[in-house]
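# Inside the fold
Listed here are the chains, written in short residue letters.
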Amino acid sequence: MFKILHALFIFSSFIYAQPQSHSFTINNETREYYLYTPDSLGPGVPLLFVLHGYTGSAASIMNYSNLNQIADENGFVVCYPDGMIDDSGNQFWNVGYDFHPNETVDDVAFLSALAKFLQQEYGLSNYNTFSTGMSNGGEMSYMLACQASDIFRGIASVAGIMFESFYNTCEPSAIPVLEIHGTQDDVNWWDGDPNNEGGWGPYIGIEEGIDYWININNCTQTNTNTLLDIFPSDNSSVVIEKHFNGINNNEVWLYKVLNGGHDWPGESGNMDINAGEEVWSFFSQFLVIADKGDINFDDSVNIFDMLLISDNILNNERYNYLADYNEDQNVNVFDILSMRLNILSY
């Protein structure tokens, strides 16, 4: 992806930030989410969605993922949505579980609409919006990569898998992908479950899924590294495969946790890595960064950018923080006028 210098105006007074609970209505359904916004962030900062596992909750993954602290240290906003509740009373993301044949909630539509809303409401980057999640949340992230890669520009799955139901119809753009997975995961099996022996539904193996994203991104080089086993008492170790030199410099990473289980490393299971830190380290490699007004990423704000903003307005395109030149959370003719005055002043 593009790498262009830009000052994000991130300040360090984060200590008073607290997650806030919000609701969002779509298709006559009211959904809940937490939003964590570090203090004193400037416009255009990244947005990270963090999705809980089956039977989990937004509050639980917020507590164990450590991503609020990581957001404080790195200057991004975190959204923790809640899934719907199934007939068994468990929260879930609708990825096509075999025991959910009558579930009709469209979580791709919900998460996509919520991302667009947050981007406009808070002036966040629509180029740097990502999704990660644990187990069912990782599966939902893969589904977003397949069906909403124009909104979610990279995904990271922890102990998640790709179900055949959406793998067989996957139509993604080339985006960065990370998987962290234990080879002895007894819930989402490393080698997959094509015959649905586990009852979740047929799904492909981890290596098959990684190969799929390598091909989508046309990665041509690979580097493998075995991490130092800092905590031998956890009876596991980590091998990292990084596939790179892909489209837009995209990469596909696999953290293979040898003898690892169905865990969020750093919180349980393997303690050699912290999954939250690894997730953000991955996404931070692919940030699209540009000056306000530089719509075409040519390192200059000029008449060509004004024309692109005009197209944005005329075509009623979704909010783009780079086009919001006067930072009023709307893209309109006043942004063009502000840009014109700024250009003429030089």
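Placed above this text is the structure.
Since this is a predicted model, take the numbers as computed values, not measurements. (Residues numbered from 1 in each chain as written. Predicted model: local features only at pLDDT ≥ 70, side-chain atom pairs only at ≥ 80, totals over all residues. Heavy atoms only, no water.)

## Structural notes on the pattern of salt bridges
- Evaluated as defined, the whole model comprises two salt bridges.
- With a shortest N-O distance of 3.0 Å, R31 and D107 are connected by a salt bridge. Highlighted residues: R31 in strand β2 (residues 29-36) and D107 in helix α3 (residues 107-122), separated in sequence by 76 residues. In terms of burial, R31 and D107 fall into one category: buried. (Salt bridge = Lys/Arg side-chain N within 4 Å of Asp/Glu carboxyl O. Helix = DSSP H or I, 4+ residues; strand = E, 2+ residues; numbered from the N terminus. Buried < 20%, exposed > 50% of the residue type's maximum accessible area, 1.4 Å probe, protein only.)

## Side note on the side chain of N94
- Following the sequence through the fold, N94 ends up in the loop between β6 (91-92) and α3.
- Using a relative accessible area of 13% as the deciding quantity, one classes N94 as buried.
- At 2.9 Å, the side chain of N94 and the backbone oxygen of V105 are in polar contact.
- With sequence-adjacent residues up to four places away left out, N94 is seen in contact with E103, T104, V105, D107, M140 and M143. (Polar contact = N/O pair within 3.5 Å; in protein donor to acceptor, adjacent residues only side chain to side chain. Contact = heavy atoms within 4.5 Å.)

## Let's talk about helix α1 (residues 58-65)
- Of the residues making up α1, those classed as buried are A58, I61, M62 and S65. Across the axial projection of α1, the buried residues extend over an arc of 105 degrees, all falling on one side.
- Phi turns positive, to about 65 degrees, at N66, one or two residues after α1. (Arc of directions from axis to C-beta.)

## A few points about the nonpolar core
- With 53 residues, the main nonpolar core has F49, L111, L118, M140 and W213 as its most contacted residues.
- The residues touching W213, leaving out its near neighbours within four places in the chain, are Y142, A145, C146, M162, C170, P172, S173, I175, V177 and V252.
- The next biggest cluster of nonpolar side chains, apart from the first, holds 34 residues, and it includes I61, A156, V158 and V279. (Core = buried A, V, L, I, M, F, W, Y, C linked by side-chain atoms within 4.5 Å.)

## Observations concerning the state of the cysteines
- Tallying each qualifying case throughout the model produces one disulfide.
- Disulfide pairing is shown between C146 and C170; the S-S distance is 2.1 Å. Because the sign of the S-S torsion sets the handedness, a value of about -95 degrees for the bond joining C146 and C170 places this disulfide among the left-handed ones. With C146 in helix α4 (residues 136-147) and C170 in the loop between α5 (164-167) and β9 (177-182), the pair connects residues that are 24 residues apart, well separated along the chain. Each of the two residues, C146 as well as C170, counts as buried.
- C219 takes part in no disulfide bond, and the closest cysteine sulfur, belonging to C170, lies 15 Å away. (Disulfide = S-S within 2.5 Å.)

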